[in-house]
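Topology and contacts: notes
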Amino acid sequence: MFLRRLPKFEYHMATSVAEALGLLSQHVKTSEIFAGGTDLLVSMKKREVAPEHLINIKGIKGLKEIRFDDKEGLKIGALVTIGELERSEIIKGKFCTLWDACKVMASPQIRNLGTIGGNLCSALPSADTAPPLIAMGASVKLAGSKGKRTVLVEEFFKGPGESVLEHDEILTEILIPSPPENSGGSYFKLMRRRAMDLAIVGAAAFLRMDGNKRVCKNACVALGTVAPTPIRASKAEEVVTKKEIDEDLAAEAGKVAAQEARPRSSIRATESYRREMVGVLTKRAIMEAYKRIIYDS
Ligand SMILES: Cc1cc2nc3c(=O)[nH]c(=O)nc-3n(C[C@H](O)[C@H](O)[C@H](O)COP(=O)(O)OP(=O)(O)OC[C@H]3O[C@@H](n4cnc5c(N)ncnc54)[C@H](O)[C@@H]3O)c2cc1C
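If you're wondering where the values come from, they're calculated on a predicted model, not measured in any experiment. (Residues numbered from 1 in each chain as written. Predicted model: local features only at pLDDT ≥ 70, side-chain atom pairs only at ≥ 80, totals over all residues. Heavy atoms only, no water.)

1. Focus on the site of the ligand
Here is the rule we go by: We call a residue near a molecule or strand whenever a single non-hydrogen atom of that residue lies within 4 Å of it. Here a polar contact is taken to be a pair of N or O atoms separated by no more than 3.5 Å, where protein atoms must pair a possible hydrogen donor with a possible acceptor and residues adjacent in sequence count only if both atoms sit in side chains. For accessible areas, the Shrake-Rupley method is used with a probe of radius 1.4 Å. Any residue's cover is judged against the shown protein chains and nothing else. Think of it this way: any DSSP run of H or I at least four residues long counts as a helix, any run of E at least two long counts as a strand, and we number them from the N terminus. In the scheme used here, Gly and all other residues not listed as nonpolar or charged are polar, with Ala, Val, Leu, Ile, Met, Phe, Trp, Tyr, Cys and Pro taken as nonpolar and Asp, Glu, Lys and Arg as charged.
For the ligand, the set of nearby residues contains 30 residues, the closest of which are Ile33, Gly36, Thr38, Thr115 and Asp128. Taking alanine 35, its main chain carries an N or O atom lying 2.8 Å from an oxygen atom of the ligand. One of the backbone nitrogen or oxygen atoms of glycine 37 is found 2.8 Å away from an oxygen atom of the ligand. Calculation on the ligand without its partners gives an accessible area of 980 Å², and the protein chains cover 89% of this total. At the level of secondary structure, the elements contributing two or more residues to the shell around the ligand comprise strand 2 (31-34), helix 7 (116-121) and strand 10 (169-176). Residues that form the shell around the ligand fall into these classes: 16 nonpolar, nine polar and five charged.

Pasting the structure below:
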């Protein structure tokens, strides 16, 4: 990979969402939002993007909080870093599907800079926070010059590097519903090495069991890096819904998920290996989610 010096740009520091939106409207299509910079600066050095204006939003205080209440669920400000999520007791305790992803992302240094908002807005198929957020039914709040809107994370991605975010919009918050009773989830990531690598495959499962914790009432399975965007494996979900979970059923769901995936060969892995691994990781994610429901509560 050939990295050059950063191209020239004008630097702006926004201290409110309104100020950032004003700057975006002033510099239409020649500006980029800058959060942790861990994706953006690399893309600039590779000359994939060359914005004339960088709008640093790290000074916007209202976007740095993690708030939870039973009724409203979890609200994560777009500027919360992956490291802050990893260290949060509420994420580790109640939203461990997301915690699973945060602890295997990049390195401590990158996790301390990179934000959850930036991870979603880069819109890469390998974004580690995407499958857990999709599995948990999360949505994102977008603020723009024309107003605010809320979009399900599942519907946020359009293609590699592309999302529904308009140029004059900022992602401000991620909303995750309170986990229902007898529910739980997990995320598994396959990498070529144990750290500092993007996923070859990522699989998240979130299950809700009946009162006896025997029959699965509903299931959500989400996959990363095996299609142009993070995807749901809805046929695999059907395999486990309204059934008693066991290893064989989870393996069957894995096989079905592997058929739903649309992976491609790349420097990291071949198409067939990725497909095979979707089966393995989906089974593991379902079984781990199930065990957490049975043993953790
Ligand atoms: C060495 C290395 C290893 C990595 N490993 C992983 C990994 O294992 N898993 C993984 O998923 N990622 C990985 N990444 C990618 C990156 O670190 C993450 O995606 C990170 O969360 C990006 O957040 P950021 O705040 O740095 O985004 P930035 O680089 O600041 O921004 C990324 C993009 O999103 C836009 N943006 C950022 N925030 C907002 C917002 N609130 N509203 C609107 N637009 C916004 C920016 O304009 C830019 O286009 C790695 C990166 C590096 C350099």
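2. Section: the pairing of strand 11 (residues 183-190)
The condition is simple: Only protein chains enter the accessibility calculation, which uses a 1.4 Å probe; a residue whose area is less than 20% of its type maximum is buried, one above 50% is exposed, and one in between is partly exposed. Each pair of strands is called paired provided DSSP finds at least two bridges between the two strands.
The element strand 11 is extensively covered by neighbouring structure, given that seven of its eight residues are classed as buried. Where strand 11 and strand 12 (residues 201-209) come together, eight bridges link them in antiparallel fashion. Along strand 12, the bridge assignment pairs serine 186 with alanine 205.

3. Digging into helix 1 (residues 17-26)
Filter applied, for reference: In this description, the arc belongs to the directions extending from the helix axis to the C-beta atoms. Here a residue-residue contact requires only that any non-hydrogen atoms of the pair lie within 4.5 Å.
Residues of helix 1 that are buried include every one of Ala20, Leu21, Leu23 and Leu24, and no others. Projected onto a plane normal to the axis of helix 1, the buried residues spread over an arc of 160 degrees and lie on a single side. Every exposed residue of helix 1 that faces more than 90 degrees away from the buried side is listed here: Ala18 and Gln26. In this structure, the buried side of helix 1 is in contact with strand 1 (10-13), strand 2, strand 3 (53-56), strand 6 (139-144) and strand 10.

4. What to know about the pairing of strand 6
Extensive coverage of strand 6 is indicated by the burial of five of its six residues. Where strand 6 meets strand 7 (residues 147-152), six bridges bridge the pair, whose relative direction is antiparallel. Across the sheet, the residue bridging to valine 140 is valine 151, located in strand 7. In this antiparallel pair of consecutive strands, strand 6 and strand 7, the connection spans two residues. Sheet topology places strand 6 next to strand 10; six bridges connect them, and they run antiparallel. When the sheet's bridge partners are listed, leucine 142 is paired in strand 10 with leucine 171.

5. Here's the deal with the pattern of salt bridges
Note the following rule: Every case where a carboxyl oxygen of Asp or Glu lies within 4 Å of a side-chain nitrogen of Lys or Arg is listed as a salt bridge.
Counted under the stated rule, the structure contains 19 salt bridges. Lysine 46 is the salt-bridge partner of glutamate 48, the closest N and O atoms lying 3.5 Å from each other. What makes lysine 46 partly exposed here is its relative accessible area of 32%. The salt bridge involving aspartate 100 is made with lysine 103; its shortest N-O contact spans 3.4 Å. Taken together, the residues aspartate 100 and lysine 103, both in helix 5 (residues 96-103) and three residues apart, mark about one turn of the helix.

6. Section: the sheet that holds strand 7
Selection rule: Lines are fitted to the C-alpha atoms to define the axes, a helix being fitted only along its stretch in contact, and any angle between axes, read from their N-to-C directions, falls within 0 to 180 degrees.
With antiparallel pairing, five strands are arranged side by side in an open sheet as 4-5-10-6-7. What marks the edges here is a single partner per strand, and that holds for strand 4 (66-69) and strand 7. Strand after strand, the sheet turns through a mean of 20 degrees between neighbouring axes, direction not considered. Note that strand 5 (residues 73-77) and strand 10 share four bridges and pair antiparallel. Bridged to leucine 74 within strand 10 is isoleucine 176. Where helix 1 meets the sheet, its contacts fall on strand 6 and strand 10, and the angle it forms with strand 10 comes to roughly 140 degrees.

7. With respect to the sheet that holds strand 13 (residues 216-224)
Here four strands make up an open sheet; going across it, the order is 11-12-13-14 and the pairing antiparallel. In this open sheet, the two edge strands, each paired with only one partner strand, are strand 11 and strand 14 (231-232). Lying on the sheet, helix 5 is in contact with strand 11 and strand 12; it crosses strand 11 at an angle near 20 degrees.

8. Description of the side chain of serine 88
The residue serine 88 is located in the loop between helix 3 (82-87) and helix 4 (89-94) in this model. Accessibility expressed as a relative area gives 10% for serine 88, which makes it buried. Within polar-contact distance, the side chain of serine 88 engages the backbone nitrogen of isoleucine 90 at 3.3 Å.

9. A word on the packing of aromatic side chains
Rule in force here: Note on aromatic contacts: the rings of Phe and Tyr and the six-membered ring of Trp form a pair at centre separations within 6.5 Å, being stacked when their planes are under 30 degrees apart, edge-to-face when over 60 apart, and tilted otherwise.
Going through the model one piece at a time under the given rule, you end up with two aromatic pairs. Ring geometry for phenylalanine 68 against phenylalanine 95: centres 5.7 Å apart, planes inclined by 70 degrees, an arrangement best described as edge-to-face. Taken together, the residues span a long stretch of sequence, with phenylalanine 68 in strand 4 and phenylalanine 95 in the loop between helix 4 and helix 5 at a distance of 27 residues. A centroid spacing of 5.4 Å and a plane angle of 85 degrees characterise the contact between phenylalanine 156 and phenylalanine 157, whose relative ring orientation is edge-to-face. Overall, phenylalanine 156 belongs to the buried group, its relative accessible area being 0%.

Just geometry here; none of it tells us what the structure is for.
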